[in-house]
Amino acid sequence: MSFTIGYCTNIHAGVDRAAIRENLQKYSTAVYQNLTGDQPLPIGLWLPAKAAGELAGNGPETSNPETTELKQFMASRHLEAYTINGFPYDNFHQPVVKHGVYEPAWWDDRRLTYTKQLACILIDLLPDSQTTGTQRLGTISTLPIGWRSSAVTAKQLEDAGKNLRSLADFLQSLESRTGSRIVVALEPEPGCLLETTKDVKDWFETQLPDAVHRRHLSVCHDICHSAVMMESQTSVLNGYGEAGIEIGKVQVSNAVVADWDSMAMGRRREAIEQLAEFAEDRYLHQTGCEKADGSFELVEDLPALLRRVRSKGDPVDGDLRWVVHFHVPIFLERFGHLSTSQADVYECIELLQKNESASSKTFHFSGHIEIETYAWSVLPPAMRKRELAQDIAAEIGWLRKEMAAQL
């Protein structure tokens, strides 16, 4: 098995097939042109529900001409779809997204229908390069059941489990008919029903215990998300291996870190003002707070946390470190008074490399790696100095170089 490294197109706005095609032409083609080499550029497609409905056609038994045309369009521009981001269902670039990105949840049949459509589309888009042994393999990431709330009922959780098991049966049937395996990967995220490794292990144990479930349902490991929850990459990946849960996809992402314990009082106030530049209105920026007494607190959104601390004499009294769910460029280690969780990126890719070369695998991984810096459009202006395609290419080039250096 070799690794496939691509970038996720959820950074580009657009909800229908025409907009998806335009983005591939305008941005993805330019990313390819900014990179050296003649190999096709792997693309993690984001297809919201409207585009998925336009491309899905009549189901998996017959190819849809629209999807076939899209594959040809991509191939002529040296682009290949190997994975789909099926987490955001609707417009991911409206002025305020926040909690809307977690709807519909997995107890809603619309989520099941949408994910089945994505699987049928991916079957037609998969290039021959995505082959393990004699079988083509594609992955789809999806939300971790739904947002964690006291309003969530036992019936909703039961329905979510039924829908996921129904999806596994559908994907098994799809594999029998087409010979290709599609793996849907639940993506743990802070604040959601699945936010830690334990949550994922418990869910698979109770809801997805059978081999057929685990052949087609897996986990999408997002490096930033585990960093916010302050789980080490080693404990997360090994934990999935111990539980027999496949890692369908790894999303390489980089969080914002405020290391309060290393800052003097004046620097702390300056860092708070620097953090305010990331307290924007479109996306939710969950923040993990490590306390001096060893405890952990997850705050739902950075703006609320900043309002809470600004009135205090010492704005971060009792806090050692904050890790903010804001996907900043993966090649950044620090900026101003703030740093990033880049050390987690290094730890994760080292683990992937060691596991790949080991005679006995600690965990099972598909090999699909996706850079998911979706927040380029809402980064502070000082951090956006080049054309978007150049920035995306720089991330891909950086990750390729760092992974090659560890071989």
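If you check an unreviewed UniProt entry, the chain appears there as Xylose isomerase-like TIM barrel from Novipirellula aureliae.

Draft legend 1. Main features of the pairing of strand β15 (residues 368-371). Burial of the side chains of β15 extends over both faces: H368 and E370 are buried on one face and I369 and I371 on the other. With four bridges joining them, strand β1 (residues 4-8) and β15 adopt parallel strand pairing. Paired with T4 across the bridge in β15 is H368. Examined bridge by bridge, strand β8 (residues 247-252) and β15 share three bridges and lie parallel to one another. Looking at the pairing, Q251 lines up with E370 of β15.

Draft legend 2. Summary view of the packing of aromatic side chains. Counted according to the given criterion, the structure contains twelve aromatic pairs. Judged by centre distance (6.1 Å) and plane angle (65°), the ring pair of F87 and Y102 falls under edge-to-face. Of the two residues, F87 is situated in the loop between β3 (79-85) and α4 (109-125) and Y102 in the loop between β3 and α4; the sequence distance between them amounts to 15 residues. Taken as a pair, F87 and Y102 share a single burial class, namely buried. In textbook terms, an aromatic cluster arises when at least three aromatic residues are bridged by ring pairs, as seen for W46, F92, Y283 and Y374.

Draft legend 3. A look at α4. Its 17 residues place the ends of α4 25 Å apart at the C-alpha level, agreeing with the 24 Å of an ideal helix rising 1.5 Å per residue. Summarising burial for α4: twelve of the 17 residues are buried, a large majority.

Draft legend 4. Representation of the pairing of strand β12 (residues 319-328). Most of β12 sits inside the fold, with eight of its ten residues counted as buried. Pairing between strand β9 (residues 254-259) and β12: five bridges, direction antiparallel. Among the inter-strand pairings, N254 is bridged to a residue of β12, identified as V328. Taken together, the five bridges between strand β10 (residues 287-291) and β12 define a ladder with antiparallel strand orientation. By the bridge assignment, K291 is partnered in β12 with D319.

Draft legend 5. Spatial organisation of the domain arrangement of the chain. Domain boundaries assigned for the chain yield domain 1 (4-253 + 341-405) and domain 2 (257-326). Centre-to-centre separation of domain 1 and domain 2, based on C-alpha positions: 29 Å. Taken together, the contact pairs 28 residues of domain 1 with 22 residues of domain 2. Both faces considered, domain 1 and domain 2 share a buried interface measuring about 2,100 Å² in area, 66% of it formed by carbon and sulfur atoms. When the buried area of domain 1 at its contact with domain 2 is split by residue, K98, M230 and V378 rank highest and sum to 31% of it. Here domain 1 and domain 2 share one salt bridge between them. In this structure, K98 and D301 form a salt bridge, with 2.7 Å as the shortest nitrogen-oxygen distance. Our enumeration of links across domain 1 and domain 2 arrives at 13 residue pairs in polar contact (both at pLDDT 80 or more).

Draft legend 6. Here's a closer look at the sheet that holds strand β11 (residues 296-299). In spatial order, the strands read β11-β10-β12-β9-β14-β13; together these six strands make up an open sheet with antiparallel pairing. Here the strands that pair on one side only, and so sit at the sheet edges, are β11 and β13 (334-335).

Rules used in this analysis
- Counting starts from 1 at the beginning of each chain's written sequence and moves along it residue by residue.
- Local features are withheld for residues below a pLDDT of 70 in this predicted model, meaning they are given only at 70 or higher, and side-chain atom pairs are given and counted only at 80 or more; totals for whole chains, interfaces and linings count all residues.
- To obtain the side-chain values, all non-hydrogen atoms of the structure were included, while hydrogens and water were left out.
- For every residue, the accessible area (1.4 Å probe, protein chains only) is compared with the maximum for its type, and the residue is labelled buried under 20%, exposed over 50%, or partly exposed between those bounds.
- Numbered from the N terminus, helices here are DSSP runs of H or I no shorter than four residues, and strands are runs of E no shorter than two.
- Strand pairing requires that DSSP identify at least two bridges connecting the strands.
- Stacked, edge-to-face and tilted labels apply to pairs of Phe, Tyr and Trp rings (six-membered ring for Trp) whose centres lie within 6.5 Å, assigned for plane angles under 30 degrees, over 60, and everything in between, in that order.
- Every helix has an expected span of 1.5 Å times one less than the residues it contains.
- Delimitation of the domains relies on an automatic or database domain assignment.
- Any two residues whose heavy atoms approach within 4.5 Å are treated as being in contact.
- When two parts are brought into contact, each loses some accessible area as probed by a 1.4 Å sphere; the total of that loss over both is the buried area.
- Between Lys or Arg on one side and Asp or Glu on the other, a salt bridge is scored when a side-chain nitrogen of the former is within 4 Å of a carboxyl oxygen of the latter.
- What qualifies as a polar contact is a pair of N or O atoms within 3.5 Å, subject to a donor-acceptor requirement within protein and to the restriction that residues adjacent in sequence count only when both atoms come from side chains.

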